Amino acid sequence: MSELKTKPTDSSVDEFLNSIEDDSKRSDCRKLVKIMRKLTGEKPRMWGPSIVGFGSYRYNYASGQEGDWPLTSFSPRKQALTVYIMPGFARYDSLMGKLGKYKTGKSCLYIKKLEDVDLEVLEELIDQSARHIAKTHA
């Protein structure tokens, strides 16, 4: 089994955020740091070269793959901010209906800019997701 590339590093979160050229995206990332830090009580940490994560949990898949991943995290990708909602979205239908403008992947919430979504709903989504992961992977 290959080693996972995405793992915690000692790289500076501030340096990473300061390197984001787009002022609006950099500002949105700083807002996400405040939100995720408040919800988790954890300090931000770089996971790999481009993911800002908070806390961690250990996962074990039936395939035998296992590893560590942040309770909640985000990455400022070129096309959109990616917020990782690890349980997926099926359990959050009511929140998703109130969130605003976004797209999703399996566990990825893609937001062009934070002003496109209701921040209170986003906070609730992140909070419920992180709590669910912490509870199910304790």
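Check the entry above for the structure.
Below is a short write-up of the structure. Quantities reported herein were computed from a predicted structural model and do not represent experimental measurements.

## Structural notes on the nonpolar core
So, step 1. Counting 29 residues, the largest nonpolar core has Phe-74, Val-83, Leu-109 and Leu-122 as the members making the most contacts within it.
So, step 2. Mapped onto this core, the elements with two or more residues apiece are helix H1 (13-18), helix H2 (23-40), strand E2 (51-54), strand E6 (81-84), helix H3 (93-99), strand E8 (108-111) and helix H4 (119-136).
So, step 3. The greatest single-element share of this core, amounting to 5 residues, is contributed by H2.
So, step 4. In this structure Val-83 touches Leu-32, Met-36, Ser-73, Phe-74, Ser-107, Cys-108, Leu-109, Ile-111 and Ile-126, once residues within four positions along its chain are discounted.
So, step 5. Counting 10 residues, the second largest nonpolar core, distinct from the first, contains Tyr-57, Tyr-59, Leu-71 and Ile-133.

## Considerations on the layout of surface pockets
The rolling of a water-molecule-sized probe over the atoms marks out the regions of remaining empty space.
So, step 1. Within this model, the largest pocket holds a volume of roughly 210 Å³.
So, step 2. Broken down by element, the residue count for the lining of the largest pocket peaks at 3 residues, all from strand E3 (residues 57-60).
So, step 3. Classifying every residue of the lining of the largest pocket by side-chain character gives 6 nonpolar, 4 polar and 1 charged.

## Topic: the environment of Asp-118
So, step 1. Looking at where Asp-118 falls in the secondary structure, it is placed in the loop between E8 and H4.
So, step 2. For Asp-118 and Gly-100, which are 18 residues apart along the polypeptide, the C-alpha to C-alpha distance reads 6.2 Å.
So, step 3. In contact with Asp-118, other than residues within four places in its own chain, are Lys-98 and Leu-99.
So, step 4. Within the structure, the side chain of Asp-118 is placed 2.9 Å from the backbone nitrogen of Glu-120, a separation counted as a polar contact.

Calculation notes
- Within any chain, residue numbers begin from 1 and follow the written order of that chain's sequence.
- For a predicted model such as this one, the threshold for reporting local features is a pLDDT of at least 70, and the threshold for listing and counting side-chain atom pairs is 80 or more; totals across whole chains, interfaces and linings nevertheless cover every residue.
- To get the side-chain values, all heavy atoms of the structure are used, and hydrogens and water are removed first.
- Each nonpolar core is a collection of buried residues, namely Ala, Val, Leu, Ile, Met, Phe, Trp, Tyr and Cys, held together in the definition by side-chain atoms within 4.5 Å.
- For every residue, the accessible area obtained with a 1.4 Å probe (protein chains only) is divided by the maximum for its type, and the residue is called buried under 20%, exposed over 50%, and partly exposed between those limits.
- Helix and strand assignments follow DSSP, with helices taken as H or I runs no shorter than four residues and strands as E runs no shorter than two, numbered in order from the N terminus.
- Two residues qualify as a contact provided that any one of their heavy atoms is within 4.5 Å of a heavy atom in the partner residue.
- Put simply, the grid is 1 Å and covers the protein atoms alone, a cavity is a trapped set of points that fit a 1.4 Å probe, a pocket is an open set with protein on both sides within 12 Å along at least five of seven lines, and lining residues have an atom within 4 Å of a point.
- Grid points are joined across faces, edges and corners, and a volume is the space filled by probe spheres set on the points.
- In the scheme used here, Gly and all other residues not listed as nonpolar or charged are polar, with Ala, Val, Leu, Ile, Met, Phe, Trp, Tyr, Cys and Pro taken as nonpolar and Asp, Glu, Lys and Arg as charged.
- Counted as a polar contact is a pair of N or O atoms within 3.5 Å, where, for protein atoms, one must be capable of donating a hydrogen and the other of accepting one, and residues adjacent in sequence contribute only when both atoms are in side chains.

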